[in-house]
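# Fold and geometry: a report
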Amino acid sequence: MKKYWWQKSVVYQIYPKSFKDSNGDGIGDINGITEKLEYLKKLGIDVIWLSPIYESPDVDNGYDISDYRKIRADYGTMSDFLVMLSRAHELGIKVIMDLVVNHTSDQHPWFLESEKGRDSAKRDYYIWKDPVNGKEPNNWGSCFAGPAWQYDENSGQYYLHLFAREQPDLNWDNANVRKDIYSMMRWWLDKGIDGFRMDVISLISKEPGLPDGKAGFNGYAPFTSCAHGPHVHEFLREMNDEVLSKYNKLMTVGECCAATLEEAPKYANSDGSELSMIFQFQHMSLDNDPETGSKWTIRKINIVELKRVLSSWQEKLYGKAWNSLFWNNHDQPRIVSRLGNDGKYREKSAKMLGTCLHMMQGTPYIYQGEELGMTNMRFDSPEDFRDIDSINGYREILDKKLMEPGEAFRAVCYKSRDNARTPMQWDNSENSGFTTAAPWIGVNPNYLEINAEEELKRKDSVFYYYQKLIALRKQYEVIVYGKYQLLDPENPDTYMYTRTLGDEKIICICNFTEKSCNVSIPDEYVRPSKILISNTDQIQIEKDLVHLGPYDAFVLYRSE
Ligand code: NOJ
């Protein structure tokens with residue numbers, strides 16, 4: 001398998017709106033990011049993935065772009081961006097941008113032209129259809145509740161929007177759309193950025209005829225029904241030929257909703273024909289409702305299932321394609337509240353989760369605040385939500401009486417994307433050191449205890465643990481290239497696996513519960529050469545039995 005620089009790298013995702021406000025308007029900005037580059041350098045990450053910073057009406061926090069070539073005024077200017085980019089490069093940090101090209105904002109000039117009428121020059125830039133029997137052209141639902149179609153009185157047609165109605169889907173079958181997108185990509189790459197994270201890229205090619213999908217919990221076919229359409233790989237290869245292959249050492253990651261083990265190796269083939277790696281969500285949907293598929297539940301992820309899913313990705317992509325590893329991003333609740341324990345064992349479980357993920361094969365992604373063990377927010381009422389997905393989802397559940405109101409509120413609080421979007425907790429001053437003004441979204445009140453300043457002072461903090469996890473990947477090739485093997489698959493409490501590369505071997509052992517237990521390990525690890533990392537100083541190995549305390553995690557290393 002070909003080797004690439006990004007296989008040894010760790011990515012840090014910045015959600016600019018909530019990272020650091022430098023000018024006191026309550027909204028994070030680019031100069032705020034520049035201020036904090038030293039912090040990221042200290043953590044040891046290699047790449048920043050920047051969520052969208054382009055001009056946008058902000059219906060979906062910047063994932064609705066009205067000008068791909070302009071920086072949104074709230075975030076600063078192009079020259080601020082170029083300063084940030086060159087400062088990052090000086091520190092040896094690369095920067096990849098979010099590429100959101102399944103859809104634009106309805107305020108993008110292409111759409112403003114397209115909606116003028118059936119004969120508009122840009123009509124075919126978007127997906128317009130006549131009504132069928134006086135209704136929507138098919139049964140597809142929007143990701144953010146309701147139908148994926150918006151009726152336009154003026155022309156008597158509907159347009160497709162897999163996300164908000166203000167996010168019309170581009171028509172990738174139109175060669176001019178693709179040409180315009182490729183030229184915009186080259187424009188950014190010529191400014192020196194290091195690659196792209198591609199938003200919902202598995203959705204860009206729609207099946208001709210737009211057939212109905214299988215209806216889900218709210219009566220509509222889920223927005224992912226159209227994933228991996230007939231031309232998606234052809235389009236990505238074309239993008240590769242026209243753009244990506246013309247630049248040196250880029251990194252690209254495709255957000256591939258509904259990715260399957262069959263499709264993944266095409267998107268992220270190590271021959272470099274499409275993208276560097278794939279972001280997939282199977283492990284993140286394990287707490288969806290099993291009958292309806294709805295994500296609005298308060299179920300817990302089953303550890304046996306989690307191991308089965310993550311292991312299948314480790315095994316099936318090995319030697320063929322490249323995984324991304326993540327627990328968090330701006331669309332997911334905080335992992336320590338979801339799979340760990342955000343009370344008594346917050347730090348310990350945050351470190352355990354980090355260990356479990358970072359010892360696998362793939363490129364790890366750390367989402368801002370994860371390195372501090374930041375937790376879910378406490379929302380007091382539905383008015384606290386800012387996210388369109390949470391607001392619409394909650395309303396739909398109530399309107400359609402899918403749950404009783406108390407349960408609906410609890411489920412939306414638990415899964416809301418806003419959990420990840422509360423401001424970064426820098427210190428214990430007012431508003432967590434994020435801003436001097438009223439922040440655009442509430443700060444998690446636990447910033448008084450959980451914040452970067454406090455963790456940087458304390459050597460046993462989650463921050464320094466993550467720093468060590470990142471450093472280990474650079475020191476041990478076995479973490480990057482070793483073959484993965486799951487042990488004890490049916491154990492409902494622990495996650496244990498090995499990685500092997502030549503004579504180098506590691507075993508990663510994690511307790512996902514607050515109960516103590518014993519696990520048996522293969523003989524060869526009984527007398528390890530070293531302990532690579534551990535969140536406990538009480539490791540007890542007796543014969544082949546390892547004793548695990550609550551949320552214990554450790555990694556043993558041996559070489560022949
Ligand atoms: C995926 C992004 O991660 C999410 O935040 C956004 O709402 C949708 N795509 C639409 O762009």
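To start, this report covers the structure provided alongside it. Just so you know, these numbers come straight off a predicted model, no measurement behind them. (Residues numbered from 1 in each chain as written. Predicted model: local features only at pLDDT ≥ 70, side-chain atom pairs only at ≥ 80, totals over all residues. Heavy atoms only, no water.)

## Some words on the overall build of the protein
Within the protein, the regular secondary structure consists of 16 helices and 21 strands. Taken against the 2.2 N^0.38 rule, which gives 24 Å for 560 residues, the C-alpha radius of gyration of the protein at 23 Å falls within 12% of a compact globule. Principal-axis analysis of the C-alpha atoms gives the protein an extent of 75 × 50 × 50 Å. When the accessible area of the protein is evaluated, it comes to approximately 21000 Å², of which 47% is carbon and sulfur surface. Across the protein, the centroid of the 67 positively charged side chains sits 4 Å from that of the 83 negatively charged ones. (Helix = DSSP H or I, 4+ residues; strand = E, 2+ residues; numbered from the N terminus. Rg over C-alpha atoms; globule rule 2.2 N^0.38 Å. Areas by Shrake-Rupley, 256 points an atom, 1.4 Å probe, with all protein chains shown as cover. Lys, Arg positive; Asp, Glu negative; His and termini not counted. Charge placed at Lys NZ, Arg CZ, Asp CG, Glu CD.)

## Thoughts on the environment of asparagine 446
The topology assignment puts asparagine 446 in the loop between helix H13 (418–421) and helix H14 (452–457). C-alpha separation for the pair asparagine 446 and leucine 275, spaced 171 residues apart in sequence, amounts to 39 Å. Each residue touching asparagine 446, except ones within four places of it in the same chain, is listed here: Thr375 and Gln425. Polar side-chain contacts of asparagine 446 include one of 3.2 Å to the side chain of glutamine 425. (Contact = heavy atoms within 4.5 Å. Polar contact = N/O pair within 3.5 Å; in protein donor to acceptor, adjacent residues only side chain to side chain.)

## A short note on the site of the ligand
Lining the immediate environment of the ligand, one finds 13 residues, of which Asp60, His103, Asp199, His330 and Asp331 sit closest. Side-chain polar atom of aspartate 199 to an oxygen atom of the ligand: 2.7 Å apart, as the coordinates give it. Side-chain polar atom of arginine 417 to an oxygen atom of the ligand: 3.0 Å apart, as the coordinates give it. Computed on the free molecule, the ligand has an accessible area of 290 Å², of which 97% lies beneath the protein chains in the complex. A breakdown of the residues in the shell around the ligand according to their chemical character gives four nonpolar, two polar and seven charged. (Near = heavy atom within 4 Å. Nonpolar A, V, L, I, M, F, W, Y, C, P; charged D, E, K, R; others polar.)

## Some points on the side chain of threonine 422
With respect to the helices and strands, the residue threonine 422 is situated in the loop between H13 and H14. The exposure class assigned to threonine 422 is buried, which follows from its relative accessible area of 1%. With residues near it in sequence (within four places) discarded, threonine 422 still touches Ser18, Met374, Met377, Ile441, Gly442 and Asn444. (Buried < 20%, exposed > 50% of the residue type's maximum accessible area, 1.4 Å probe, protein only.)

## Observations concerning the packing of helix H5 (residues 175–189) against helix H6 (residues 232–242)
Relative orientation of the contacting elements H5 and H6 amounts to 45°, with a least axis distance of 10 Å. Judged by the angle between their axes, H5 and H6 are oblique. Remark: the crossing between H5 and H6 carries right-handed chirality. Packed against H5, whose contacting residues are Arg178, Tyr182, Met185 and Arg186, the element H6 presents Phe235, Glu238, Met239 and Glu242 at the interface. Class assignment for the residues of the contact of H5 with H6 results in four nonpolar, no polar and four charged. (Axes fitted to C-alpha atoms, helices over the stretch in contact; angles between N-to-C directions. Parallel < 35°, antiparallel > 145°, perpendicular 65-115°, else oblique. Left-handed = near helix turned anticlockwise from the far one by under 90°.)

## Describing the sheet that holds strand S17 (residues 517–520)
Read from one edge of the open sheet, three strands run S17-S20-S19, paired in antiparallel fashion. Here the strands that pair on one side only, and so sit at the sheet edges, are S17 and strand S19 (540–542). Going across the sheet, the axis of each strand differs from the next one's by a mean of 30°, ignoring polarity. When S19 meets strand S20 (residues 545–548), the two strands line up antiparallel, connected through three bridges. Bridge pairing in S20 places glutamate 542 opposite leucine 545. (Pairing = 2+ DSSP bridges.)

## Brief notes about the pattern of salt bridges
Counting across every chain of the model gives 35 salt bridges. The residue arginine 237 makes a salt bridge to glutamate 274 at a minimum N-O spacing of 3.2 Å. Of this pair, arginine 237 sits in helix H6 while glutamate 274 sits in the loop between helix H7 (264–267) and strand S11 (277–279), and the two are 37 residues apart along the sequence. On the basis of relative accessible area, glutamate 274 is assigned to the buried category, the value being 2%. One network of salt bridges, with partners in common, ties together Asp60, Lys295, Asp331, Asp387, Asp389, Arg417 and Arg421. (Salt bridge = Lys/Arg side-chain N within 4 Å of Asp/Glu carboxyl O.)

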